[in-house]
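Spelled out, the chains give:
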Amino acid sequence: MIVVFKKSADEAQIKRALSLAVSRGASVDLTVGKEGAQARISDLCGDFDARSLVRDPAVEGVYGEPETEFRSRISRGEKVVVRAGGASIGDGFCVIAGPCAVESEEGLFRIARAVKAAGADVLRGGAFKPRTSPYSFRGLGEEGLKMLVSAGREFGLPVVSEITDPRQIDLFHETDIIQIGARNAQNYELLREVGRSGRPVLLKRGYAMTVGEWLSAAEYVLAEGNENVILCERGIRAAGESARFTLDLAAVAELKTGVRLPVIVDPSHAGGKADIVAPLCLAAAAVGADGIMVEVHDAPETALSDGAQAILPETLAEVSARARKVREASS
Ligand code: PEP
Ligand code: MN
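This report concerns the structure included in the present document. The structure presented is a predicted model; accordingly, all values stated were derived computationally and were not measured. (Residues numbered from 1 in each chain as written. Chains lettered and ligands numbered in written order. Predicted model: local features only at pLDDT ≥ 70, side-chain atom pairs only at ≥ 80, totals over all residues. Heavy atoms only, no water.)

1. Looking at the site of ligand 1
To keep it simple, the criterion reads: Summary of the distance rule: residues count as near a molecule or strand when at least one heavy atom falls within 4 Å of that molecule or strand. Pairs of N or O atoms are called polar contacts if they sit within 3.5 Å, as long as, within protein, a hydrogen donor faces a hydrogen acceptor (for residues adjacent in sequence, only side-chain-to-side-chain pairs). Only the protein chains shown count as cover for residues, and all accessible areas are computed by the Shrake-Rupley method using a 1.4 Å probe.
Near ligand 1, the surroundings consist of Arg 124, Lys 129, Glu 162, Gln 179, Gly 181, Ala 182, Arg 183, Lys 204, Arg 234, His 269 and Met 293. Between ligand 1 and the protein, one listed contact pairs an oxygen atom with a side-chain N or O atom of Arg 124 at 2.8 Å. Contacts to ligand 1 include Arg 234, whose side-chain N or O atom sits 2.6 Å from an oxygen atom. Isolated, ligand 1 exposes 290 Å² of accessible area, and the fraction of that covered by the protein chains is 97%.

Okay, structure coming up:
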């Protein structure tokens, strides 16, 4: 955060204003110029909130996003490649595919076989489904998760599934990647729990989150010593009406310029209808995404959730091959 002092502020007033920050261990970098004084205060210190300095009579204003420091922590250092059960995310173009929800063992095995043949690297399938209406199908829970793990083993695919409650963590011990959904992207206790597990985490962006807030959520996982975080853009609420959500590909392009975590795109929840999923996959590859997560069903008209946006396995085969070419051509 940058604290700008009033031109009229004298040395004693500036010192007094900054004394609390210093005594509480925040790092303070003061610059005094012709136009007045300003101080850069690191916000990685939990005992001091630089924004409160706006109340000091010597202060003109406090600027910058509080998460600036988090961003630099996520940007600096080695590029992160998340390795999960044989798949590498952040090294090449990764295709994650499968049904919205695990609906039955037989159906899941059929779809898993088909997505494997279509070139998928990771199998997805929700067992704990956070649904907008409490009367919608909410997943098969623990049984569904077991089915997903056995389908993954059968076809040699690592699996990803969504956790919705910290108390479920032990059930996920065989799930290669733990997904945090859009609705829980700011559930900080859940983020800490998956952070402590040390397991690969796929973190969706919440519908109304800024990029800074999303990175701060990722920081919760990193702060527990777990760097295995994959960011997943899935569309935000904006003025667009043509799709279910507005896919923020500018955010993906921006993150790819400075963030060391892998960034993937979920075109299915953003698009909301099957016929716009393929072009969004190609667009994701063109802006440099490290992969896509796509909902696939072999009988979408019978799907218990999100059938409208599920593409067929043969479409996945075509689009993943094309997206890989686009990614190569644009990198
Ligand atoms: C999902 O991927 O199954 C899902 C529910 O997505 P989101 O959290 O992005 O809505
Ligand atoms: Mn879905």
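2. Quick look at the pairing of strand 11 (residues 201-204)
Using the following cut-off: Relative accessibility thresholds used throughout: buried, under 20% of the residue-type maximum; exposed, over 50%; partly exposed, between the two (1.4 Å probe, protein chains only). Secondary structure follows DSSP: runs of H or I at least 4 residues long count as helices, runs of E at least 2 residues long count as strands, and numbering of each begins at the N terminus. Pairing between strands is defined by DSSP: at least two bridges between the two strands are required. When the strands point away from the viewer, a crossover counts as right-handed if the path from the first strand over the helix to the second runs clockwise.
Alternating positions in strand 11 separate into two faces, Val 201 and Leu 203 on one and Leu 202 and Lys 204 on the other, with burial throughout. Bridge count between strand 10 (residues 177-180) and strand 11: 3 bridges; the pairing is parallel. By the bridge assignment, Ile 180 is partnered in strand 11 with Leu 203. Running through helix 5 (residues 188-197), the crossover from strand 10 to the neighbouring parallel element strand 11 is right-handed. Looking at chain direction, strand 11 and strand 12 (residues 229-233) are connected through 4 bridges and run parallel.

3. Quick word on empty space enclosed by the protein
The criterion, for reference: A pocket, in this scheme, is an open set of points on a 1 Å grid over the protein atoms alone with protein on both sides within 12 Å along at least 5 of 7 lines, while a cavity is a set where a 1.4 Å probe fits but cannot get out; residues line either one if an atom lies within 4 Å of a point. Grid points are joined across faces, edges and corners, and a volume is the space filled by probe spheres set on the points. All amino acids are sorted into three groups, where Ala, Val, Leu, Ile, Met, Phe, Trp, Tyr, Cys and Pro are nonpolar, Asp, Glu, Lys and Arg are charged, and the leftover types, Gly among them, are polar.
Per the stated rule, a full pass over the model turns up 2 cavities of 30 Å³ or more. Of the volumes computed, that of the largest cavity is approximately 40 Å³. Residue composition of the lining of the largest cavity, by class: 6 nonpolar, 2 polar and 3 charged. Roughly 30 Å³ of volume is contained in the second largest cavity. If you trace the second largest cavity, you find it lined by Arg 124, Gly 125, Gly 126, Lys 129, Val 160, Ser 161, Glu 162 and Gln 179. Sort the elements by how many residues they give to the lining of the second largest cavity and strand 9 (residues 159-163) lands first, with 3 residues. Taken together, the residues of the lining of the second largest cavity sort by class into 1 nonpolar, 4 polar and 3 charged.

4. Quick look at the packing of aromatic side chains
The line we're drawing: Working definition: a ring pair exists when centres of Phe, Tyr or Trp rings (six-membered ring for Trp) sit within 6.5 Å. Plane angles under 30 degrees give stacked, over 60 give edge-to-face, the rest tilted. By definition here, charges over rings are those cases where NZ of Lys or CZ of Arg is within 6 Å of the ring centre and within 35 degrees of the ring normal.
This model, assessed by the stated rule, comprises 4 aromatic pairs. Seen from their ring centres, Tyr 188 and Tyr 220 are 4.4 Å apart, and the 25 degrees between their planes marks the pair as stacked. Pair noted here: Tyr 188 is in helix 5 and Tyr 220 is in helix 6 (residues 211-222), with a separation of 32 residues, a long-range link. Classification of Tyr 188 as partly exposed rests on a relative accessible area of 30%. Among the residues examined, Tyr 220 registers a relative accessible area of 33% and is labelled partly exposed. The positively charged end of Arg 234 is found above the aromatic ring belonging to Phe 245, 4.2 Å away from the centroid.

5. Thoughts on the coordination of the manganese ion (ligand 2)
Our working rule: Coordination partners: N, O, S within 2.8 Å of the metal, 3.2 Å for Na, K and Ca; water not considered, so apparent gaps in a site are possible.
Within the protein, Cys 100 (SG), His 269 (NE2), Glu 295 (OE) and Asp 306 (OD) serve as the donor atoms for the manganese ion (ligand 2), at 2.0 to 2.4 Å. The exposure class of His 269 is buried, given its relative accessible area of 10%.

6. As for the pattern of salt bridges
Note the following rule: A side-chain nitrogen of Lys or Arg and a carboxyl oxygen of Asp or Glu constitute a salt bridge if their distance falls within 4 Å.
Evaluation of the coordinates by the stated rule reveals 20 salt bridges. Its salt-bridge partner being Arg 16, residue Asp 56 comes within 3.5 Å of it at the nearest N-O pair. Here the residue Asp 56 occupies a position in the loop between strand 3 (36-41) and strand 4 (59-63), and Arg 16 occupies one in helix 1 (residues 11-23), the gap between them amounting to 40 residues. In this structure, Asp 306 and Arg 244 form a salt bridge, with 3.3 Å as the shortest nitrogen-oxygen distance. Note that Asp 306 is positioned in the loop between strand 14 (291-295) and helix 10 (313-330) and Arg 244 in the loop between strand 12 and helix 7 (249-258), a separation of 62 residues in sequence.

7. With respect to helix 1
Put simply, the test is: To estimate the expected span of a helix, subtract one from its residue number and multiply by 1.5 Å. Here the bend at a residue means the angle between the axes of two seven-residue stretches, the one that ends at it and the one that starts at it. Any pair of residues with heavy atoms lying within 4.5 Å of one another is described as a contacting pair.
Between the first and last C-alpha of helix 1 there are 18 Å, a value that for 13 residues agrees with the 18 Å anticipated at 1.5 Å per step. Of all the bends in helix 1, the largest measures some 30 degrees and sits at Ala 17. Listed in full, the buried residues belonging to helix 1 are Ile 14, Ala 17, Leu 18 and Ala 21. Buried residues along helix 1 sit against strand 1 (2-5), strand 2 (28-33) and strand 3. Immediately beyond the C-terminal end of helix 1, within one or two residues, lies Gly 25, with a positive phi of roughly 90 degrees.

8. A closer look at the nonpolar core
Applicable threshold: What is meant by a nonpolar core is a set of buried Ala, Val, Leu, Ile, Met, Phe, Trp, Tyr and Cys residues, joined one to another through side-chain atoms within 4.5 Å.
Counting 81 residues, the largest nonpolar core has Val 115, Leu 203, Leu 231, Leu 261 and Leu 316 as the members making the most contacts within it. Counting residues per element, this core draws most heavily on helix 6, which supplies 7 residues. Apart from residues lying up to four places away in sequence, Leu 261 is in contact with Ile 74, Val 80, Ala 218, Leu 222, Glu 227, Val 229, Leu 231 and Asp 290.

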